[in-house]
Amino acid sequence: MDVFSNFTIEVIATISVIVVVFILRFLIAKLVRRYAKSSQIIEQRANLVIKYIDLLINIIAVIALIVIWGVQKKDILLTVSSITTVIGVAMFAQWSILSNITSGIILFFFFPFKIGDVIKIHDKDFPIQAEIEDINAFHVNLKTIDGERITYPNNLLLQKGISIIDPKIDDKEYTD
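Reading the values: rules and limits
- Residues numbered from 1 in each chain as written.
- Predicted model: local features only at pLDDT ≥ 70, side-chain atom pairs only at ≥ 80, totals over all residues.
- Heavy atoms only, no water.
- Salt bridge = Lys/Arg side-chain N within 4 Å of Asp/Glu carboxyl O.
- Helix = DSSP H or I, 4+ residues; strand = E, 2+ residues; numbered from the N terminus.
- Buried < 20%, exposed > 50% of the residue type's maximum accessible area, 1.4 Å probe, protein only.
- Core = buried A, V, L, I, M, F, W, Y, C linked by side-chain atoms within 4.5 Å.
- Contact = heavy atoms within 4.5 Å.
- Pairing = 2+ DSSP bridges.
- Axes fitted to C-alpha atoms, helices over the stretch in contact; angles between N-to-C directions.

A. Inspection of the pattern of salt bridges at higher detail. Following the criterion strictly, the structure yields three salt bridges and no others. We note a salt bridge from Asp 54 to Arg 25, for which the minimum N-O separation is 3.4 Å. With Asp 54 in helix 3 (residues 43-68) and Arg 25 in helix 2 (residues 8-38), the pair connects residues that are 29 residues apart, well separated along the chain. Among the salt bridges present, the one from Lys 160 reaches Asp 123, with a minimum N-O distance of 3.8 Å. Of this pair, Lys 160 sits in the loop between helix 6 (154-159) and strand 5 (161-165) while Asp 123 sits in the loop between strand 1 (118-122) and strand 2 (128-135), and the two are 37 residues apart along the sequence. Look at Lys 160 and you get partly exposed, because its relative accessible area is 28%. Exposure remark for Asp 123: the relative accessible area of 16% places this residue in the buried category.

Here it is as structure tokens:
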């Protein structure tokens, strides 16, 4: 029991951090789901954003626990900078992954289309008109009228012009 009495402050602080993490995760999940419901955003997309935020909270909690347990700040800085450098180099080599994740978050909060919408992607080389079947972290699954399934990267959706086609209006009305 002598070990516990030597580290009473650290144990109490650790328990406090864990409690705060659970409370934050709960509150943020509730807020994101409320926003998703009010914006009529699919629950799967809300869960994806919640996962990203949970990851950020967990990283901050680990750093807080390292500080609480007395790891030297210069050692933390060295470790974090080393990890950040490795991740930065890896992400630079795989910039499209980061770009697609960022685009997925932007699509979640700011784009007007949703699963089930028929969209037209204005690309001069490869124009697409298809129904959105699913929106993921990295790509959107589309299905054309011919039944062709297309996986389209999120970052390209932000770079191309998009029209949402009203299914009530027949395409023939545009040609008359």
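B. Structural detail: the nonpolar core. Leu 142 and Leu 157 are the most contacted members of the largest nonpolar core, which has 13 residues in total. For this core, the elements supplying multiple residues, two or more each, are strand 1, strand 2, strand 3 (139-144) and strand 4 (149-153). At four residues, strand 2 tops the list of elements feeding residues into this core. Look past the residues within four positions of Leu 142 in its chain and what remains in contact with it is Ile 119, Ile 121, Ile 128, Ala 130, Glu 131, Ile 132, Glu 148, Arg 149, Ile 150 and Tyr 152. Counting six residues, the second largest nonpolar core, distinct from the first, contains Val 32, Ala 36, Val 49 and Ile 50.

C. Quick look at the sheet that holds strand 2. Strand order across the open sheet formed by five strands is 4-3-2-1-5, with antiparallel pairing between neighbours. Both edges of this open sheet fall to strand 4 and strand 5, since each of them pairs with a single strand only. Pairs of neighbouring strands in the sheet enclose a mean axial angle of 40°, with direction left out of account. Alignment of strand 2 against strand 3, held across five bridges, turns out to be antiparallel. Residue pairing for strand 3: Ile 132 is matched across the bridge by Leu 142.

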